Amino acid sequence: MNGPFFTLGIETSCDETAVAVLRGQTEIVANTVYSQAKIHATYGGVVPEVASRDHLRKLPRRVKESLQTAGIGIKNLSLVAATYGPGLVWPLLVGLSHGKGIAFGLGMPYVGVNHLEGHIFAHRLSQPDVEPPFMALIVSGGHTSLVVVDEYCSYRLAGSTVDDAAGEALDKVGKMLDIDYPAGAELDRLAKKGDKKAIDFPRPMKDSPGFDFSFAGLKTSVLYYLKKHPGARRENVASSFLESVVDVLTIKSVEATRRYHMKRLVVAGGVAANSRLREVLPARADERGIEVHFPPGDLCTDNAAMIAAAGAYRYLRLGESHPLSLAPQPSLSF
Ligand code: KG4
Ligand code: ZN
């Protein structure tokens, strides 16, 4: 192979059309994320059919623009990596098929990437020198999991949510507070203006053995509170609710890191962008001699650079690639 190794990353598992170009294994040379949130806002949630049609409309142009930003032609690519699960089947199919088309047309290898593994690779992009083993807390709109990363691509699940993901609960409570979907970032801002001790919301599963989470009951507590106190200050509700989520995430992940004899905890996924979590978790982990690493906010939320990074690692380090028959897997886990 001549010249640098360029990977095209494609992410369309939900409502973001994301394309990136990676040089080598960790240098981001293009990374664009187009959010369809405004399109779905009128429906109050993501409509899969609408999402896939919009991906189809936007993706080819996004790929072209990313290559321009990277300053390369399509023939300079060495690998295509696209998310094949978990996510919404039609949106996944659009990105996967587009990636396959490029790989097949140019006769280059192709790797399907697990979106959750992608989130872990956001850490490798920001801190390639801080290597496994570590505990990873993946906390997003669809998942809340604690994963032992013995080495990249070798995982053991330590716990996960038994009902709602943390981000899902944040988005639903946001809706109760009249915040548009996805509510996490706005809830984060609102919470800063409130009193986190104003309301004593429960800390679900805080003292239960094991490392599973549950956020559905907490969300319902907020609903009942608002019904009982219609005049409650939104800022206080946001702040107290968020404090409960952050508290549970912190207690469970620090304890899991300790129990699995790890010295490092990596936090990834959209909720890892939360400012209160980024404040509380490192402070409490430090008391236990645990280092905490967060990727920058734009690599925590969905993006294609993390997908390219996981694909490049699998291909270059593990010699893996997929046949063009690879199908989307909406329920893929670790
Ligand atoms: O990882 P991600 O972009 O998509 C999934 O894979 O689900 O995560 C999206 C989630 C949403 O629930 C969104 O509300 C939440 O991340 N989020 C935040 C923040 N930014 C995004 N939650 C709390 N604080 C934030 N600053
Ligand atoms: Zn995600």
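What counts and how
Here the residue numbering is sequential within each chain, running from 1 through the sequence in written order. Chains carry letters from A onward and ligands carry numbers from 1 onward, assigned in written order. Two thresholds apply to this predicted model, a pLDDT of at least 70 for residue-level local features and 80 or more for giving and counting side-chain atom pairs, whereas whole-chain, interface and lining totals are computed over all residues. The basis for every side-chain value is the complete set of heavy atoms in the structure, and neither hydrogens nor water enter the calculation. Each salt bridge in this description consists of a side-chain nitrogen of Lys or Arg and a carboxyl oxygen of Asp or Glu lying within 4 Å of one another. Numbering of helices and strands runs from the N terminus; a helix is a DSSP stretch of H or I covering at least four residues, while a strand is a stretch of E covering at least two. Only protein chains enter the accessibility calculation, which uses a 1.4 Å probe; a residue whose area is less than 20% of its type maximum is buried, one above 50% is exposed, and one in between is partly exposed. Any helix carries an expected span of 1.5 Å times its number of residues minus one. For Na, K and Ca the donor cut-off is 3.2 Å; for every other metal, N, O and S atoms count as donors within 2.8 Å. Water does not enter the count, which can leave sites looking incomplete. When four donors show all angles between 85 and 135 degrees the site is tetrahedral, when four or six donors have opposite pairs over 155 degrees and all other angles between 65 and 115 it is square planar or octahedral respectively, and in every other case it is irregular. With a 1 Å grid laid over protein atoms only, a set of points is called a cavity when a 1.4 Å probe fits there but cannot get out and a pocket when it is open yet has protein on both sides within 12 Å along at least five of seven lines; lining residues have an atom within 4 Å of a point. Grid points are joined across faces, edges and corners, and a volume is the space filled by probe spheres set on the points. Stacked, tilted and edge-to-face pairs are distinguished by plane angle, under 30 degrees for stacked and over 60 for edge-to-face with tilted covering the rest, among Phe, Tyr and Trp rings (Trp via its six-membered ring) whose centres lie within 6.5 Å. Convention adopted: a line fitted to C-alpha atoms gives each axis, helices being fitted over their contacting stretch, and angles between N-to-C directions are expressed from 0 to 180 degrees. The hand of a helix crossing depends on one turn: near helix anticlockwise from the far one by less than a right angle means left-handed, and clockwise means right-handed. Throughout, a residue-residue contact means that at least one pair of heavy atoms, one from each residue, lies within 4.5 Å. Each residue receives one of three labels: charged for Asp, Glu, Lys and Arg, nonpolar for Ala, Val, Leu, Ile, Met, Phe, Trp, Tyr, Cys and Pro, and polar for the others, Gly being one of them. Residue ranges assigned to each domain were obtained from an automatic or database domain assignment. In short, buried area is how much 1.4 Å probe accessible area vanishes from two parts on joining, totalled over both. Working definition of a nonpolar core: buried Ala, Val, Leu, Ile, Met, Phe, Trp, Tyr and Cys residues. They are joined through side-chain atoms within 4.5 Å. Nearness here has a simple test: a residue counts as near a molecule or strand if at least one of its heavy atoms is within 4 Å of that partner.

Draft legend 1. Spotlight on the pattern of salt bridges. Tallied over the full model, the rule gives 22 salt bridges. Between E49 and R53 there is a salt bridge, with the nearest N and O atoms lying 2.8 Å from each other. Here E49 and its partner R53 are both found in helix 2 (residues 48-70), four residues apart, which amounts to about one turn of the helix. Linking E168 and K172 is a salt bridge whose minimum nitrogen-to-oxygen distance equals 3.1 Å. Pair noted here: E168 and K172 are both in helix 5 (residues 166-176), with a separation of four residues, about one helical turn. For E168, a relative accessible area of 25% gives the class partly exposed.

Draft legend 2. Summary view of helix 11 (residues 305-316). For helix 11, spanning twelve residues, the distance from its first C-alpha to its last is 16 Å, which sits close to the expected 16 Å at 1.5 Å a residue. The buried fraction of helix 11 is high, at ten of twelve residues. Taken together, the buried positions of helix 11 are occupied by A305, M306, I307, A308, A309, A310, G311, A312, Y313 and R314.

Draft legend 3. Molecular detail of the coordination of the zinc ion (ligand 2). The zinc ion (ligand 2) binds to the protein through H115 (NE2), H119 (NE2) and D302 (OD); the donor distances cover 2.0 to 2.1 Å. Considering all four donor atoms around the zinc ion (ligand 2), angles at the metal cover 95 to 137° and the coordination shape is irregular. Along the chain, the residues donating to the zinc ion (ligand 2) fall in the pattern H-x3-H-x182-D. Remark: D302 occurs in the loop between helix 10 (297-300) and helix 11 and H119 occurs in helix 4 (residues 115-126); sequence separation between them is 183 residues. There is no split in this pair, since H119 and D302 are both buried.

Draft legend 4. Summary view of empty space enclosed by the protein. Counted under the stated rule, the structure contains one cavity of 30 Å³ or more. Volume-wise, the largest cavity comes out at about 30 Å³. Along the walls of the largest cavity sit L170, L242, V245, V246, L249, V271, N274 and L277, which together make up its complete lining. The dominant element in the lining of the largest cavity, judged by the number of residues it contributes, is helix 8 (residues 234-259), at four residues.

Draft legend 5. How the structure looks around the packing of aromatic side chains. All told, the structure shown has nine aromatic pairs when counted by the stated rule. Arranged with centres 4.7 Å apart and planes meeting at 35°, the rings of F121 and Y152 form a pair that is tilted. Remark: Y152 occurs in the loop between strand 7 (144-151) and strand 8 (154-160) and F121 occurs in helix 4; sequence separation between them is 31 residues. An identical accessibility class is assigned to F121 and Y152; each is buried. Among the aromatic residues, ring-to-ring pairing joins F121, F134, Y152 and Y313 into one connected group.

Draft legend 6. Spatial organisation of the packing of helix 8 against helix 9 (residues 275-287). At a minimum axis separation of 10 Å, helix 8 and helix 9 run at an interaxial angle of 35°. Of the two possible hands of crossing, helix 8 and helix 9 adopt the one that is right-handed. On the side of helix 8, the interface is formed by E243, V246, D247, L249, T250, I251, S253 and V254, while helix 9 contributes R276, L277, V280, L281, R284 and A285. Taken together, the residues of the contact of helix 8 with helix 9 sort by class into eight nonpolar, two polar and four charged.

Draft legend 7. Region of interest: the domain arrangement of the protein. Structurally, the protein comprises domain 1 (6-119 + 300-318) and domain 2 (132-294). A separation of 27 Å is found between the C-alpha centroids of domain 1 and domain 2. If you look at the interface, domain 1 gives 13 residues, while domain 2 gives 14 residues. Together domain 1 and domain 2 conceal approximately 1,200 Å² of surface at their shared face, both sides included; 71% is due to carbon and sulfur atoms. Across the domain 1-domain 2 interface, the total number found is zero salt bridges.

Draft legend 8. Local environment of the nonpolar core. Of all hydrophobic cores here, the largest spans 47 residues; its most connected members are F241 and V267. When contributions to this core are tallied by element, the ones reaching two or more residues are strand 6 (134-139), strand 7, helix 5, helix 6 (184-191), helix 7 (216-228), helix 8, strand 9 (264-268) and helix 9. At ten residues, the largest contribution of residues to this core is made by helix 8. Core analysis: the second largest hydrophobic core is formed by 31 residues, A18, F121, A122 and A305 among them.

Draft legend 9. Geometry of the site of ligand 1. As a matter of local geometry, ligand 1 sits amid 21 residues, with G141, D171, G184, G270 and D302 nearest to it. When contributions to the shell around ligand 1 are tallied by element, the ones reaching two or more residues are helix 4, helix 5 and helix 6. A breakdown of the residues in the shell around ligand 1 according to their chemical character gives seven nonpolar, eleven polar and three charged. The two domains that each donate at least three residues to the shell around ligand 1 are domain 1 (6-119 + 300-318) and domain 2 (132-294).

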